[in-house]
Amino acid sequence: MPTIHPSAIIEDGAGIGADVRVGPFCIVGPQVTLENDVILEGHVVVGGRTHVGNGTHIFPFASIGLQPQDLKYRGENSELRIGANNSIREYVTMNPGTEGGGMLTKVGDNCLFMIGSHVAHDCLIGDSVILANNVALGGHVEIRDHAIVGGNSAIHQFVRIGEHAMIGGMSGIENDVIPYGSAFGERSQLAGLNIVGLKRRGFSKAEIHQLRAAYQELFTGGGTLNDRVNQVAGDYQDSPG
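On a predicted model such as this, the values are computed, not experimentally measured, just so you know. (Residues numbered from 1 in each chain as written. Predicted model: local features only at pLDDT ≥ 70, side-chain atom pairs only at ≥ 80, totals over all residues. Heavy atoms only, no water.)

**Student:** Is there a simple way to think about the overall build of the protein chain in this case?
**Tutor:** A count of helices and strands for the protein chain gives three helices and 28 strands. Relative to the globule expectation of 18 Å for 241 residues, the C-alpha radius of gyration of the protein chain, 20 Å, shows essentially globular dimensions. Based on the C-alpha atoms only, the size of the protein chain along its principal axes is roughly 65 × 40 × 30 Å. Going through the 241 residues of the protein chain one by one, you find that 44% of them count as buried. Of the roughly 12000 Å² of accessible surface on the protein chain, 51% is carried by carbon and sulfur atoms. (Helix = DSSP H or I, 4+ residues; strand = E, 2+ residues; numbered from the N terminus. Rg over C-alpha atoms; globule rule 2.2 N^0.38 Å. Buried < 20%, exposed > 50% of the residue type's maximum accessible area, 1.4 Å probe, protein only. Areas by Shrake-Rupley, 256 points an atom, 1.4 Å probe, with all protein chains shown as cover.)

**Student:** What is the right way to look at the sheet that holds strand E12 (residues 79–82) in this model?
**Tutor:** In a beta sheet, neighbouring strands pair by backbone hydrogen bonds and run either parallel or antiparallel. Taken together, the eight strands give an open sheet; going across it, the order is E3-E6-E9-E12-E15-E18-E21-E24, and neighbouring strands pair in parallel fashion. Across the chains shown, the open sheet's two edge strands, defined by having one partner strand only, are strand E3 (15–16) and strand E24 (160–161). Pairing of strand E21 (residues 142–143) with E24 involves two bridges; the strand directions are parallel. Following the sheet pairing, Glu142 is matched in E24 by Arg160. (Pairing = 2+ DSSP bridges.)

**Student:** For this particular structure, what's the right way to read the nonpolar core?
**Tutor:** Nonpolar side chains tend to gather and get buried jointly when the protein is soluble and globular. Core analysis: the largest hydrophobic core is formed by 43 residues, its most contacted members being Leu40, Met94, Phe113, Ile125, Leu137, Ile143 and Ile161. In this view, Leu40 contacts Arg21, Val22, Gly23, Cys26, Val28, Leu34, Val46 and Ile58; residues no more than four positions away in its chain are not counted. Counting seven residues, the second-largest nonpolar core is a separate cluster that includes Tyr180, Leu193, Ile195 and Tyr215. (Core = buried A, V, L, I, M, F, W, Y, C linked by side-chain atoms within 4.5 Å. Contact = heavy atoms within 4.5 Å.)

**Student:** Which parts of the structure should I look at to understand the pattern of salt bridges?
**Tutor:** A side chain with one charge can pair with a side chain of the opposite charge if their charged atoms come near. What the rule picks out here adds up to seven salt bridges. With a shortest N-O distance of 3.1 Å, Arg89 and Glu90 are connected by a salt bridge. If you follow the salt bridges from partner to partner, you end up with Arg49, Glu79 and Arg81 in one network. (Salt bridge = Lys/Arg side-chain N within 4 Å of Asp/Glu carboxyl O.)

**Student:** Teacher, can you tell me more about the state of the cysteines here?
**Tutor:** Cysteine pairs can be covalently joined through their sulfur atoms, and such a bond is termed a disulfide. Considering all chains together, one arrives at zero disulfides under this definition. The thiol of Cys111 is unpaired, and the distance to the nearest cysteine sulfur, on Cys123, comes to 12 Å. (Disulfide = S-S within 2.5 Å.)

**Student:** Would you explain the environment of Pro96 in this entry?
**Tutor:** Its place among the elements puts Pro96 in the loop between strand E14 (93–94) and strand E15 (104–107). A residue is classified by how much of its surface remains accessible, and Pro96, at 4% relative accessible area, is buried. On a C-alpha basis, the gap between Pro96 and Gln69 in space is 9.7 Å, while along the polypeptide they are 27 residues apart. Residues in contact with Pro96, not counting those within four places in the same chain, are Gly65, Leu66, Pro68, Ser78, Glu79, Leu80, Thr105, His121 and Asp122.

Here it is, written out as structure tokens:
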């Protein structure tokens, strides 16, 4: 059975799974679903059409699923879908999608959203992603699995960040970042591969060497960028990366 503090407000229609814990002064809206083992610490607000996956832990003063900060939003019944076993820390904000972006904001499994981070409308976040303190994602941002964004960084709307990429703290990201890449700076530029992250995640020396070779071919070879992309795609089509 769920454990719900007497001061919490669970509106009619909300779906509450087994062993859910809802702390004091939380508010859960009528279109919210909390799957099994979800924990809401005190003063959490979960509203809108929001689905929170098994075992996700949301800390005090987080605001989840409320109206997007998009002037084009007209009250459409869009959705925020959060996966399993995420840690959503204090003052995090996550907004649902909009009609202009597919009606869905989606977060994968096993992610960490540190204090004050923001996931805007229509963002798509993969698995095992980390947003450090006060990271701000603009609308329609896509972040793939295992990427890390350093504290106080801002990601421009519609930017894509590839899997295993590392964004240094206090960076402003205006352009896409390649998978396995490392970028940092006030107006960031690609600075090579995320070698430390690749080693930590168990990539072999041979795999890292192959990624380095592909990187060099892609960014320092001859011809147009489109030519180099096609060449690298052919040369490394059997690579696990």
